[in-house]
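Observations on the model geometry
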Amino acid sequence: IGGGIGAGKSTIAALFGERGFSVLSADLVGHDVLADGSPLVADVAERWPEVVTDGSVDRSALARIVFADSAELDALEAMTHPEIARRLRTAISSADWPVVVEVPVLGVLDGYDAVRIAVVAEPEIRIARAVARGGDPVDVRNRMARQPSDDEWSEWASLVIDSSRSWAETEHVAVAVIEELVSHG
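I will try to describe carefully the structure that is included in this document. (Residues numbered from 1 in each chain as written. Predicted model: local features only at pLDDT ≥ 70, side-chain atom pairs only at ≥ 80, totals over all residues. Heavy atoms only, no water.)

**Some words on the overall build of the protein chain**
A tally of helices and strands in the protein chain yields nine helices and six strands. Expected size for 185 residues packed as a compact globule is a radius of gyration near 16 Å; at 17 Å, the protein chain falls within 12% of this value. Across its three principal directions, the C-alpha atoms of the protein chain cover 50 × 40 × 25 Å. For the protein chain, the residues scored as buried account for 43% of the 185 residues in total. Of the contacts made within the protein chain by residues no fewer than 6 positions apart, 70% connect residues no fewer than 24 positions apart. In the protein chain, 16 positive and 31 negative side-chain charges are present, and the distance between their average locations comes to 1 Å. (Helix = DSSP H or I, 4+ residues; strand = E, 2+ residues; numbered from the N terminus. Rg over C-alpha atoms; globule rule 2.2 N^0.38 Å. Buried < 20%, exposed > 50% of the residue type's maximum accessible area, 1.4 Å probe, protein only. Contact = heavy atoms within 4.5 Å. Lys, Arg positive; Asp, Glu negative; His and termini not counted. Charge placed at Lys NZ, Arg CZ, Asp CG, Glu CD.)

Here is the structure:
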């Protein structure tokens, strides 16, 4: 399941989890690869020393840098994505099936033969959702500008769920998708 900030991918992934799927989150793995003691912290400290104190990455400070400059985001992704992909592949191989993986960027799990579900929503709805969760509107817009567009997610996907509608309508569509996947493997 993929989609940008505020699209609703976590909420849709949770529906899969409620229906027996193992749910893995690339975002959570991304947090782990930059946790205290991770070897990648040294790489971050070398490139952005101002965001690392006593071996801890200030993720908010790092986000402000990388989401304001695509070259900086590319550098962070080059550092972290191989390890995120490695850890996800390990988790997938040991998870109870069926498995759904929530991804915020394209390419993290290329090579898997899988049903790809994009969750998309109108930009203003996505901004409102992210701000309601405590996001700063400028930061949310910067993140959106650096993430794949809904069109790119839709091209990537086998199925698209538009979460711009009411939650009841979105849930109905998502549950229908889950039931179809379960019944047809």
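**A word on the packing of helix H1 (residues 9-18) against helix H9 (residues 167-184)**
Contact geometry of H1 with H9 gives a least axis separation of 10 Å together with a crossing angle of 45 degrees. Here H1 is positioned oblique relative to H9, judged by the angle of their axes. With respect to the hand of their crossing, H1 and H9 are arranged in right-handed fashion. Residue-level inspection shows Thr11, Ile12, Leu15 and Phe16 of H1 in contact with H9, the latter providing Trp167, Thr170, Glu171, Ala174, Val177, Ile178 and Leu181. Among the residues forming the contact of H1 with H9, the class breakdown is eight nonpolar, two polar and one charged. (Axes fitted to C-alpha atoms, helices over the stretch in contact; angles between N-to-C directions. Parallel < 35°, antiparallel > 145°, perpendicular 65-115°, else oblique. Left-handed = near helix turned anticlockwise from the far one by under 90°. Nonpolar A, V, L, I, M, F, W, Y, C, P; charged D, E, K, R; others polar.)

**Regarding unusual backbone geometry**
Residues other than glycine predominantly adopt negative phi, and peptide bonds predominantly adopt the trans conformation. At the junction of Trp97 and Pro98, the peptide bond is cis and its omega measures out at 0 degrees in the coordinates. In this structure, Pro98 sits in the loop between helix H5 (70-94) and strand E4 (99-102). Even without being a glycine, Asp54 presents a positive backbone phi close to 50 degrees. Counting through the fold element by element, Asp54 comes out in the loop between strand E2 (52-53) and strand E3 (56-57).

**Considering the nonpolar core**
One finds Val44, Trp48, Leu62, Leu88 and Val101 to be the most contacted residues of the largest nonpolar core, which totals 37 residues. For this core, the elements supplying multiple residues, two or more each, are helix H2 (26-33), helix H3 (40-47), helix H4 (59-66), H5, E4, strand E5 (117-120) and helix H8 (150-156). Looking at which element gives the most residues to this core, the answer is H5, with eight residues. Among all residues touching Leu88, those that are not within four sequence positions of it are Leu24, Ser25, Ala26, Val29, Val101, Val108 and Leu109. Of all hydrophobic cores here, the second largest spans 15 residues; its members include Ile1, Ile117, Ile178 and Leu181. (Core = buried A, V, L, I, M, F, W, Y, C linked by side-chain atoms within 4.5 Å.)

**Observations regarding the pairing of E4**
Neither face of E4 is left uncovered, since the one carrying Val99 and Val101 and the one carrying Val100 and Glu102 both have all their residues buried. Bridging between strand E1 (residues 22-25) and E4 involves four bridges; their strand directions are parallel. Opposite Val23, over in E4, you have Val100 as the bridge partner. (Pairing = 2+ DSSP bridges.)

**Focus: the packing of helix H6 (residues 123-132) against helix H7 (residues 137-146)**
Where H6 contacts H7, the two axes come as close as 9 Å, and the packing angle between them is 130 degrees. For the element pair H6 / H7, the angle class is oblique. By crossing handedness, the relation of H6 to H7 is classed as right-handed. Counting all contacts with H6, which are made through Pro123, Glu124, Arg126, Ile127, Ala130 and Val131, the residues of H7 involved are Pro137, Val140, Arg141 and Met144.

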